[in-house]
Amino acid sequence: MKFLLDQDVYASTARFLNGLGHDAVPVFKLGLSQADDSDLLKTAREQVRIFISRDRDFGGLVFLQDLGAGVIYLRMLPSTQNAVHQELARVLNEHSEIELRQAFVVVEPGRHRFRKLEKK
């Protein structure tokens, strides 16, 4: 799967995803460290990537402002990182890339919530 990682995503998460064989690109590698959140979602959509963030504001952008793009929101602290990575691996095994590009998924230790985006 292909992912675009927000500035706030831990480098260990990028290593974790790449170690699983995925293509995870941090926004800074694209020169987007200072980009607006809406531009990050647009870039993810244009590059057919699933956006991963630790910033809960993306829920509002996806649902309230209708900037539909697949987002995985990691509810993670340094102390819960391993548990969240385990749950993230489970999400990636249970859902296809196409499903994830059409959903907003909240991943936290031991569980996740999957909300399919409305097609307009």
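Quick notes on the rules
- Residues numbered from 1 in each chain as written.
- Predicted model: local features only at pLDDT ≥ 70, side-chain atom pairs only at ≥ 80, totals over all residues.
- Heavy atoms only, no water.
- Axes fitted to C-alpha atoms, helices over the stretch in contact; angles between N-to-C directions.
- Helix = DSSP H or I, 4+ residues; strand = E, 2+ residues; numbered from the N terminus.
- Left-handed = near helix turned anticlockwise from the far one by under 90°.
- Contact = heavy atoms within 4.5 Å.
- Nonpolar A, V, L, I, M, F, W, Y, C, P; charged D, E, K, R; others polar.
- Pairing = 2+ DSSP bridges.
- Buried < 20%, exposed > 50% of the residue type's maximum accessible area, 1.4 Å probe, protein only.
- 1 Å grid on protein atoms, 1.4 Å probe; cavity = no way out; pocket = protein on both sides within 12 Å on 5 of 7 lines; lining within 4 Å.
- Points joined across faces, edges and corners; volume = space filled by probe spheres on them.
- Arc of directions from axis to C-beta.

## Concerning the packing of helix α1 (residues 11-19) against helix α4 (residues 81-94)
So, point 1. Running from N to C, α1 and α4 cross one another at 35°; their axes reach a closest spacing of 11 Å. Regarding α1 and α4, the two cross each other, and that crossing is right-handed. The segment α1 lies against α4, with S12, T13, F16 and L17 engaging Q81, H85, L88, A89 and L92.
So, point 2. Here the residues of the contact of α1 with α4 sort into five nonpolar, four polar and no charged.

## Some points on the sheet that holds strand β5 (residues 103-108)
Whenever strands of a sheet pair, they do so through backbone hydrogen bonds, lying parallel or antiparallel.
So, point 1. Overall, mixed pairing links the six strands, which are arranged β2-β1-β3-β4-β5-β6 in an open sheet. Each edge of the open sheet carries a strand with a single partner, namely β2 (23-26) and β6 (111-116). Strand-to-strand twist across the sheet, computed as the mean angle between neighbouring axes with direction ignored, equals 20°.
So, point 2. Pairing of strand β1 (residues 2-5) with β2 involves four bridges; the strand directions are parallel. Residue pairing for β2: F3 is matched across the bridge by A24.
So, point 3. Here α4 sits on the sheet and contacts β1, β4 (71-74), β5 and β6; the angle it forms with β5, its principal contact strand, is near 145°.

## Here's the deal with the environment of K29
So, point 1. Within the secondary structure, K29 sits in the loop between β2 and α2 (37-46).
So, point 2. On the accessibility criterion, K29 (61% relative accessible area) is exposed.
So, point 3. Each C-alpha atom, one on K29 and one on E97, is 22 Å from the other, the two residues being 68 residues apart in sequence.

## Things to note about the layout of surface pockets
Picture a little ball the size of a water molecule; that probe, rolled over the atoms, points out where space is still empty.
So, point 1. Counted as a void, the second largest pocket has a volume near 170 Å³.
So, point 2. In this structure, the second largest pocket is lined by 14 residues; those nearest its centre are V9, A11, A14, P26 and F28.
So, point 3. Elements that contribute at least two residues to the lining of the second largest pocket include exactly α1 and β2.
So, point 4. Residue composition of the lining of the second largest pocket, by class: nine nonpolar, two polar and three charged.

## Here we look at α1
So, point 1. Burial in α1 covers these residues: T13, A14 and L17. For α1, the angular spread of buried residues about the axis comes to 100°, placing them on one side. Opposite the packed face of α1, turned more than 90 degrees from it, sit the exposed residues R15 and G19.
So, point 2. One or two positions beyond α1, positive phi appears at G21, with a value near 95°.

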